[in-house]
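Close look at the chain arrangement
If you want the building blocks of each chain, they are given just below.
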Amino acid sequence: MSSYLADAPPLPPLTRLFPHLNSSAEEIPASTDPFTITTTTGFLPCRPPLRRLPAQFDAMSEILDEMPIVKADGTPGLVAKFQLGPLIDSGKLPDLTSHIDDLKLRAADDESAYDLEAVTALFRDYSFLASAYLLEPCWETWSKDNNAGYGLGRPVLPRCIAAPLVKAADILDIPPFMSYAASYALYNYHLVNPNLGAGLYENLRLIRAFEHGLDPKSSEAGFILTHVHMVQETGPLIQGATDLLSTIEQRPSDTDAAISAFRTMLAAMKRIEEHMEQMWSHSLPKDYISYRTFIFGITSQSMFPNGVIYQGTRYGDSKPLYFRGESGANDSIIPLLDHLLEIPMPTNPLTDILKDFRQYRPKPHREFLAWVMSKSGEVGVRKYCCRGGSTDVDNQKDSSSSGSVQSPAILLTTLYLKLLDHVRSFRWRHWMFAREYIIKRTPHPTATGGSPIVTWLPNQLFAVMDLMESVYDESGLRSIVEGDEGQEVGGDAAMMQSLGPEVDAVKEIMGNAIMQREKLDKEVQKFCSERGV
């Protein structure tokens, strides 16, 4: 048990905290946040996103239909002609904030309850409009001369956009700016054939886009929909994580159940990374810098040196606001594993950004991830999984096998290390995307979320590599996998035979991690030197 949680009261039962975890979509009321987590839908919305808002919001919906650089009918839209800002400034869009109360559920027991699917769709649409309005001048500067940078964005968000956006954000308890889950990606798809679901990539389409994304073959569509395709595999990841925590807390001697939970998560991560790898063909690196213009935030960005004033909102008409932009780093897959596996992050400003990203996730994601972090520390996941080697050999003897280390305990440690390796592999792919899609193509120093583009991802990647080395050494796996000059040792022949494939996998995992660490260190130094960082 982690010392900082040693005196903390036990957490409430999982079923009380997350009553819909094992529910079907039909059982979840509309007043529930659409990002309510289930073991079927995982981190995707529990029901497909609402495509169209009620008629009261037609004035806004129609502007959004006209907004993209290329509209659904293939003709140029407002932003292509730099006309969105002038249209909004002319008063064409009324302030529709009062109509948000039309989204209350009149039949609900709680008179203040909203249809949160409709409110989330409202937040998505207004956040798209806000980003397009604020960043349209940057798009104009960049599109006329790709080497000229982005110039300045608009410093004021008018009341007709700001007020309804803030009210929707307050209802959902998220910041009033475009986010990865509740607007840009995970609540921005629809299904061509609802009966086929999101598991078939070709069945996915975007609802909103900035550039060419309404064409399903475009790189913008591919970038967003690849994320959706990955996240639709997260149900088993939720199941495996909760099963593992339950086993360690209630049945710690049931190693078979813990091993089964790990295998469930490893299978899910294998599918997720297979989908992730398809990003290269679904969204071409050369195209990303273009539509990326519209997903920057308004903090730590040269385009908004003085933030943005949100007119007509509770923030006041003179206080500048600063919000982070849309970022795949706000996805919940890797944070779940960070917390579950108790991966320690270094104490530095880069990790502070990682923590700051948490508030941009949907409330159900935040609550679930916080529970996993607390429960993992409470039951001691890492200690439980890594007890089978040299640090505790005496307690792992099997009297019937001439004193060899029990293979189930070592198997559990290898599975823990393999899941760590998926975190490494996922983050390594993310680094490769950043390197090929961004770093090599633009000198702009910050990512869309406001993090330093060169050093931020390596901060987390080095952390998981460090833990892998520690587990390899401290668990005794190194002494099992390697002997003097790399020869296999460690126990009797029967144990080695039973663990053969796992031992081989560990040897490959650690060899690859050591090699990648050296490569990453050289690349970071090179890019920092080139950019004067």
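Heads up: the structure comes first, above all this text.
Residues numbered from 1 in each chain as written. Predicted model: local features only at pLDDT ≥ 70, side-chain atom pairs only at ≥ 80, totals over all residues. Heavy atoms only, no water.

Structural notes on the overall build of the protein
- Looking only at helices and strands, the protein features 19 helices and five strands.
- In the protein, buried positions account for 57% of the 533 residues.
- Counted over contacts in the protein with a minimum sequence separation of 6, partners at least 24 positions apart contribute 75%.
- Within the structure as shown, the protein displays about 21700 Å² of accessible surface, and the carbon and sulfur contribution to it stands at 51%. (Helix = DSSP H or I, 4+ residues; strand = E, 2+ residues; numbered from the N terminus. Buried < 20%, exposed > 50% of the residue type's maximum accessible area, 1.4 Å probe, protein only. Contact = heavy atoms within 4.5 Å. Areas by Shrake-Rupley, 256 points an atom, 1.4 Å probe, with all protein chains shown as cover.)

Quick word on the packing of aromatic side chains
- One pass over the full model with this rule turns up 24 aromatic pairs.
- The ring centre of Tyr-133 lies 4.8 Å from the NZ or CZ of Arg-154, which sits over that ring.
- Over the aromatic face of Phe-357 sits the side chain of Arg-324, whose NZ or CZ is 5.7 Å from the ring centroid. (Phe/Tyr/Trp six-rings, centres within 6.5 Å; stacked < 30°, edge-to-face > 60°. Lys NZ or Arg CZ within 6 Å of the ring centre and 35° of its normal.)

Digging into the packing of helix α12 (residues 333-340) against helix α16 (residues 407-439)
- At a minimum axis separation of 10 Å, α12 and α16 run at an interaxial angle of 145°. Considering only the axes of α12 and α16, their crossing is left-handed. Judged by residue contacts, Ile-334, Leu-337 and Asp-338 of α12 engage Leu-419, Val-423, Phe-426 and Arg-427 from α16.
- Of the residues assigned to the contact of α12 with α16, the class counts are five nonpolar, no polar and two charged. (Axes fitted to C-alpha atoms, helices over the stretch in contact; angles between N-to-C directions. Left-handed = near helix turned anticlockwise from the far one by under 90°. Nonpolar A, V, L, I, M, F, W, Y, C, P; charged D, E, K, R; others polar.)

Observations concerning the side chain of Gln-301
- Positionally, Gln-301 belongs in the loop between α11 (285-291) and β4 (308-310).
- Taking the relative accessible area as the measure of exposure, Gln-301 reaches 4% and is therefore buried.
- In this structure the side chain of Gln-301 is engaged in a polar contact, spanning 3.0 Å, whose partner is the side chain of His-444.
- Ignoring sequence-local partners within four residues, the contact set of Gln-301 consists of Phe-296, His-444, Thr-446, Ala-447, Thr-448 and Gly-450. (Polar contact = N/O pair within 3.5 Å; in protein donor to acceptor, adjacent residues only side chain to side chain.)

As for the environment of Ser-479
- Structurally, Ser-479 can be placed in helix α18 (residues 477-481).
- Given a relative accessible area of 41%, Ser-479 falls into the partly exposed group.
- Within polar-contact distance, the side chain of Ser-479 engages the backbone oxygen of Gly-476 at 2.7 Å.

Considerations on unusual backbone geometry
- The residue Phe-82 is not glycine, and still its phi comes out positive at about 55°.
- With respect to the helices, strands and loops of the structure, Phe-82 is situated in the loop between α2 (58-66) and α3 (84-89).
- Residue Phe-82 is classed as partly exposed on the basis of its relative accessible area of 23%.
- One non-glycine residue with positive phi stands out, namely Ser-300, at about 60°.
- Here Ser-300 shows up in the loop between α11 and β4.

Some thoughts on the environment of Asp-65
- Relative to the helices and strands, Asp-65 resides in helix α2.
- The spacing of Asp-65 and Ala-209 is 144 residues in sequence and 9.4 Å in space, taken between C-alpha atoms.
- Engagement of the side chain of Asp-65 in a polar contact is seen with the side chain of Arg-52, the distance being 3.0 Å.

A few points about α16
- In this model, α16 (33 residues) spans 45 Å end to end at C-alpha, consistent with the 48 Å of a helix rising 1.5 Å per residue.
- Burial runs high along α16: 28 of the 33 residues are buried. (Expected span 1.5 Å × (residues − 1).)

Quick look at the nonpolar core
- Counting residues in hydrophobic clusters, the biggest one holds 170 residues, and the most contacted among them are Leu-157, Ile-161, Phe-262, Tyr-310, Phe-368, Tyr-416 and Leu-420.
- It is α16 that provides the largest number of residues to this core, a total of 18 residues.
- Apart from residues no more than four positions distant in its own chain, Leu-420 is found in contact with Leu-341, Ile-343, Val-464, Leu-467, Met-468 and Val-471. (Core = buried A, V, L, I, M, F, W, Y, C linked by side-chain atoms within 4.5 Å.)

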